[in-house]
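Residues per chain are reported as follows:
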Amino acid sequence: MRLKDKVALVTGASAGIGQACAEAFAKEGCRLVLAARRRDRLEAVADRLAADGGTRPHLVELDVRDRQAVNAAVDSLPPPWREIDILVNNAGLSRGLDRLHEGSHVDWEEMIDTNVKGLLWVSRAVLPGMVARDRGHVINVGSIAGHQVYQGGNVYCATKFAVQALSRGLRLDLLGTRVRCSTVDPGMVQTEFSEVRFRGDRDRADKVYRSFPPLTAADVADAIVYCATRPSHVAVQEIVLMPQDQGAVYASHPRGVPD
Ligand code: NDP
Ligand code: 8X3
């Protein structure tokens, strides 16, 4: 399926995988709606895309945890961006690696509110239009942490298991429509994810990506574009995308990464 002039909404487009998705969908000729909380970062992404000759994206400063703000943002999209064809539910984060019995309810709420409820608010706002038009594609960014758990991953893993369950449920609820739902579930990807998890501790975050070559955000965006570009009768349900040296969430080959 060609994506030229399709409207793609990417949440969490100010960094990492979301930013790479913005770049990849722009290359396909999509009209983009980019959402995140950091407006300055969205502006920088939009400037780069416009400098590359693409149409300037529509930017939405949005916290996906705020249901009313999500509804208002979707309802007030200007006409060229109003009919969303592709929704990439990517906004998400982890906080800490505490054991459950020592964990912080603040961290738990932030992860659940963003990764699960935020995804629900955005999907609930966008899906009725897709169903009414009988076309569209929701692509959820899950994780290998939605298939396997690891020590200290408890609540983050639970949110990604929830993304998997919600995606499977949505596929059933959409039967009889031409609206598709895919999940792309990566293993380790080098982004700002670990810096956020470790609250700005750059040294600790950098170490996460030193033991073997991780995926890049562009690798994940490539898989997401693959889902979106299949012919309309083909539904990619789930892609699990791992670094070659990561056999499971907790099992990897310590090949090292050259400086
Ligand atoms: P980054 O930290 O680089 O990017 C996260 C993005 O999410 C940012 O653009 C951030 O924007 C946005 N975001 C976070 N909270 C909110 C919020 N409340 N409202 C709106 N936007 C928000 O991490 P990644 O790119 O790695 O993460 C993207 C997704 O990929 C997440 O769902 C993550 O769970 C998943 N993932 C990541 C993996 C990895 O190893 N990196 C592996 C598997 C899955 P802003 O702060 O400006 O709001
Ligand atoms: C992010 C990957 O392994 O830190 O979803 O859970 S992991």
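Our subject is the structure that appears above.
These lines cover the structure that appears in this document, whether it is placed above or below. If you're wondering where the values come from, they're calculated on a predicted model, not measured in any experiment.

**Thoughts on the sheet that holds strand β1 (residues 7-11)**
Piece 1. Pairing is parallel across the open sheet formed by 7 strands, whose spatial order is β3-β2-β1-β4-β5-β6-β9. Of all the strands in the sheet, the pair left with one neighbour each is β3 (58-61) and β9 (238-241). Taken pair by pair, the neighbouring strands of this sheet meet at an average axis angle of 15°, ignoring direction.
Piece 2. The pairing of β1 with strand β2 (residues 31-36) spans 5 bridges and is classified as parallel. Bridge pairing links Thr11 to Ala35 in β2.
Piece 3. The strands that helix α6 (residues 154-173) touches are β5 (136-141), β6 (179-186) and β9; relative to β6, the one it contacts most, it runs at about 160°.

**Side note on the packing of aromatic side chains**
Piece 1. Tallying each qualifying case throughout the model produces 1 aromatic pair.
Piece 2. With 5.4 Å between their ring centres and 65° between their planes, Tyr156 and Phe193 make a pair best called edge-to-face. Separated by 37 residues along the polypeptide, Tyr156 in helix α6 and Phe193 in helix α7 (residues 193-197) bring together distant segments of the chain.
Piece 3. Its guanidinium or amino end placed over the ring of Phe198, Arg204 lies 3.8 Å from that ring's centre, counting from NZ or CZ.
Piece 4. The lysine or arginine in question, Arg230, covers the ring of Tyr226, its NZ or CZ lying 3.9 Å from the ring centre.

**As for the site of ligand 1**
Piece 1. Around ligand 1, the structure places 30 residues, and the nearest of them are Ser14, Arg37, Arg38, Tyr156 and Thr191.
Piece 2. Note that an oxygen atom of ligand 1 is positioned 3.4 Å from one of the backbone N or O atoms of Ala15.
Piece 3. One of the side-chain N or O atoms of Arg38 is found 2.8 Å from an oxygen atom in ligand 1.
Piece 4. Of all the secondary structure elements, the ones that give two or more residues to the shell around ligand 1 are α1 (16-27), α6 and α7.
Piece 5. In the shell around ligand 1, the residues fall into 14 nonpolar, 10 polar and 6 charged.

Reading guide: rules and limits
Residues numbered from 1 in each chain as written. Chains lettered and ligands numbered in written order. Predicted model: local features only at pLDDT ≥ 70, side-chain atom pairs only at ≥ 80, totals over all residues. Heavy atoms only, no water. Pairing = 2+ DSSP bridges. Helix = DSSP H or I, 4+ residues; strand = E, 2+ residues; numbered from the N terminus. Axes fitted to C-alpha atoms, helices over the stretch in contact; angles between N-to-C directions. Contact = heavy atoms within 4.5 Å. Phe/Tyr/Trp six-rings, centres within 6.5 Å; stacked < 30°, edge-to-face > 60°. Lys NZ or Arg CZ within 6 Å of the ring centre and 35° of its normal. Near = heavy atom within 4 Å. Polar contact = N/O pair within 3.5 Å; in protein donor to acceptor, adjacent residues only side chain to side chain. Nonpolar A, V, L, I, M, F, W, Y, C, P; charged D, E, K, R; others polar.

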